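So the chains spell out like this:
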Amino acid sequence: LVSPWAIPLRRNGCSESEAQAAAGLLAKLLAEHQISLTEATLRAEAGQCITEEFSELAGRFQDWMNCCVKIARLCQVRCWHGRKRNDPLGLGLDLEVMVVHYFGLPTDTAGAISLSMIISNAVTTECQNWAEGQGRALLKGLRGKAKEALLRSFRVGMTERLNGRLAELIQERD
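The structure reproduced in this document is the subject of the present report.

Definitions and limits used
- Residues numbered from 1 in each chain as written.
- Predicted model: local features only at pLDDT ≥ 70, side-chain atom pairs only at ≥ 80, totals over all residues.
- Heavy atoms only, no water.
- Helix = DSSP H or I, 4+ residues; strand = E, 2+ residues; numbered from the N terminus.
- Buried < 20%, exposed > 50% of the residue type's maximum accessible area, 1.4 Å probe, protein only.
- Contact = heavy atoms within 4.5 Å.
- Areas by Shrake-Rupley, 256 points an atom, 1.4 Å probe, with all protein chains shown as cover.
- Pairing = 2+ DSSP bridges.
- Patch = residues over 30% accessible without salt bridge, like charges linked within 9 Å, V, L, I, M, F, W, Y side chains within 5 Å.
- Salt bridge = Lys/Arg side-chain N within 4 Å of Asp/Glu carboxyl O.
- Axes fitted to C-alpha atoms, helices over the stretch in contact; angles between N-to-C directions.
- Parallel < 35°, antiparallel > 145°, perpendicular 65-115°, else oblique.
- Left-handed = near helix turned anticlockwise from the far one by under 90°.
- Nonpolar A, V, L, I, M, F, W, Y, C, P; charged D, E, K, R; others polar.

Quick word on the overall build of the protein
- When its secondary structure is counted, the protein shows six helices and three strands.
- Beginning at the N terminus, the succession of helices and strands in the protein can be written as α-α-β-α-β-β-α-α-α.
- Taking all 174 residues of the protein together, the buried fraction comes to 32%.
- Within the protein, residue pairs in contact and separated by at least 24 positions form 67% of the contacts whose partners lie at least 6 positions apart.
- Summing over all exposed atoms, the protein offers an accessible surface of approximately 10,400 Å²; the carbon and sulfur share of this is 53%.

Structure below.
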């Protein structure tokens, strides 16, 4: 049985009240079919659910964000992403940022946010290390789109490997 929190929300997302309504409906169905969770337990948990956001200063989708669905499944939360304008640094700047939303129990969403931060930083750091080390010779002489394409190839490859490892962890847990 797949956890009800492991199913990602539609690409455009939904409101927190819609997600809570869906959790309530799921609780009813689980109770009707006598599946592991009782309706009362799920409703109690749904009432404790929160939405946490992980903001990325870049105004576009980042390669590491391909890991968000697997992060959500591992942490047993739901996720969706989008853009919004705000002042993430508190400096009076109105910036468009990418935001990943995680919805679930507080400790689960905290785990998803932490794992997102670790993966985001790891992909950025390792790409820089590669560019300054092993990739230096490949990048020499490249400019603009060609250079960015090679760097993106590294980030995508690392993200795919991380997604594979997250899938292994999910399978071990389930």
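Structural notes on the pairing of strand β3 (residues 95–104)
- Burial analysis of β3 places eight of its ten residues in the buried class, which makes it a mostly covered element.
- With seven bridges joining them, strand β1 (residues 50–56) and β3 adopt antiparallel strand pairing. In the strand pairing of β3, threonine 51 is matched with phenylalanine 103.
- Pairing geometry for strand β2 (residues 78–86) and β3, over nine bridges, is antiparallel. The residue of β3 that forms the bridge with lysine 84 is valine 97.

A word on a nonpolar patch on the surface
- Taken together, Leu57, Leu89, Leu91 and Leu93 make up a surface patch of nonpolar side chains, about 400 Å² in accessible area.
- Relative to the helices and strands, leucine 91 resides in the loop between β2 and β3.
- Its relative accessible area of 60% is what places leucine 91 among the exposed residues.

Brief notes about the packing of helix α4 (residues 106–132) against helix α6 (residues 144–173)
- Between α4 and α6, the least distance of the axes is 10 Å, while the angle of their chain directions is 140 degrees. Between α4 and α6, the interaxial angle falls into the category oblique. In this structure, α4 crosses over α6, and the sense of that crossing is right-handed. Contact with α4, carried on its side by Leu115, Ile119, Ala122, Val123, Glu126, Cys127, Trp130 and Ala131, involves Leu150, Leu151, Phe154, Arg155, Met158, Thr159, Leu162 and Leu166 of α6 and no other residues of that element.
- A class-by-class count of the residues in the contact of α4 with α6 yields 13 nonpolar, one polar and two charged.

Focus: the side chain of serine 116
- In this structure, serine 116 sits in helix α4.
- Taking the relative accessible area as the measure of exposure, serine 116 reaches 0% and is therefore buried.
- Leave out the neighbours within four places in its chain, and serine 116 touches Phe54, Trp64, Ile71 and Tyr102.

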